[in-house]
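Working through the structure, step by step
Chain by chain, the residues:
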Amino acid sequence: MNWFTRVRNSIGWLPKRSTEKDLWIKCPSCHEMLFQKEYADNLSVCPRCEHHGRIGADERLALLLDEGFDVLEQPEVTEDPLKFKDTKKYTDRLKQARAKNPHADAFSVGSGTIDGHPAVVGVQDFGFMGGSMGMAVGTAFCAGAERALTRKCAYIVCTAAGGARMQEGILSLMQMPKATVMTRRLKEAGLPYIVVLTDPTTGGVTASYAMLGDVHIAEPGCLIGFAGQRVIQDTIREKLPEGFQRAEYLHKHGMVDMVVHRKDLKAQLATLLGYLQPAKAA
């Protein structure tokens, strides 16, 4: 740090200028340097290679729902049922995650319309403890499904998770059957349940509500799987195909119904809702 910079930083009332770090972002795929504003305006998609970056819950809800949607309150759950501690207390990890995020946990629900079609949209945010599925996520998922049942409309869930939250042990794994029951209730009510798979969707989320949709849509290039590639390879002792856990490979082999660019996602969902939404009685 040179003399001028030291003096300038010591004067608190001087306005701080944007640094190079604020102005640029490096694409993790093609490694091109992009203007931060250009990248944000392009929905966090690289304009050079079309790599789809991760976005937060609020951005995702604003992208999919029409203006004027409501965000459901986060349901209250027991925060640290096991009094878990590793290198940090679980409560401290939650405080740290909440300081960096606008929501109290990794799953947020918006209720509104998509191009005029009534819909409830649940979004999992990988930025909150890796989108891990704990009691708060499972309860919020079920609250979103309940709202869809009340409104008699579609439930759309955008998944992004590293799996179950280990700090809640078996209680986190219990969210899998709990969420599965709610998808069954939606089906019995004749309401569409659509899953949008985003990067990454793995672990217990993939093993439960992420793969129970009437339609599965994936963003280009996103990672989708249960166990990691190295774990599978070491277990079956065979070399796996290149990109076998990516959206395009899974679409080719029938696990995903369609791969849709982020800019086209809202229009595609509106089209699906037009086909799947229950018709109003005459």
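That block above? That's the structure.
Residues numbered from 1 in each chain as written. Predicted model: local features only at pLDDT ≥ 70, side-chain atom pairs only at ≥ 80, totals over all residues. Heavy atoms only, no water.

1. Details of the side chain of Asp199
- Mapped onto the elements of the fold, Asp199 is located in strand E7 (residues 193-201).
- On the accessibility criterion, Asp199 (18% relative accessible area) is buried.
- Separated by 2.9 Å, the side chain of Asp199 and the backbone nitrogen of Leu223 make a polar contact.
- Look past the residues within four positions of Asp199 in its chain and what remains in contact with it is Arg54, Ala160, Gly221, Cys222, Leu223 and Arg246. (Helix = DSSP H or I, 4+ residues; strand = E, 2+ residues; numbered from the N terminus. Buried < 20%, exposed > 50% of the residue type's maximum accessible area, 1.4 Å probe, protein only. Polar contact = N/O pair within 3.5 Å; in protein donor to acceptor, adjacent residues only side chain to side chain. Contact = heavy atoms within 4.5 Å.)

2. A closer look at the pattern of salt bridges
- Under the definition given, this model contains 13 salt bridges.
- Arg93 is paired through a salt bridge with Asp86; the nearest N and O atoms lie 2.6 Å apart.
- We note a salt bridge from Lys263 to Asp264, for which the minimum N-O separation is 3.4 Å.
- Because the salt bridges share partners, they merge into one network encompassing Arg54, Asp199 and Arg246. (Salt bridge = Lys/Arg side-chain N within 4 Å of Asp/Glu carboxyl O.)

3. Examining the packing of aromatic side chains
- Applying the stated criterion across every chain, the model contains 6 aromatic pairs.
- Look at Phe107 and Phe141: their rings are 6.0 Å apart centre to centre, the planes differ by 65°, and that puts the pair in the edge-to-face class. Of this pair, Phe107 sits in strand E4 (residues 107-114) while Phe141 sits in helix H6 (residues 135-151), placing them 34 residues apart in sequence.
- Grouping aromatic residues by their ring pairs yields a cluster made of Phe107, Phe141, Tyr155, Tyr193 and Tyr209.
- The lysine or arginine in question, Arg54, covers the ring of Phe126, its NZ or CZ lying 4.4 Å from the ring centre. (Phe/Tyr/Trp six-rings, centres within 6.5 Å; stacked < 30°, edge-to-face > 60°. Lys NZ or Arg CZ within 6 Å of the ring centre and 35° of its normal.)

4. A look at the packing of H6 against helix H8 (residues 175-188)
- Following both chains from N to C, one finds H6 and H8 inclined at 10°, their axes separated by 9 Å at the closest point. With respect to H8, the axis of H6 lies roughly parallel. Contacts between H6 and H8 involve Met135, Gly138, Thr139, Phe141, Cys142, Ala145, Glu146, Ala148 and Leu149 from the first element and Gln175, Lys178, Ala179, Met182, Thr183, Arg185 and Leu186 from the second.
- Its residues assigned to classes, the contact of H6 with H8 comprises 9 nonpolar, 4 polar and 3 charged. (Axes fitted to C-alpha atoms, helices over the stretch in contact; angles between N-to-C directions. Parallel < 35°, antiparallel > 145°, perpendicular 65-115°, else oblique. Nonpolar A, V, L, I, M, F, W, Y, C, P; charged D, E, K, R; others polar.)

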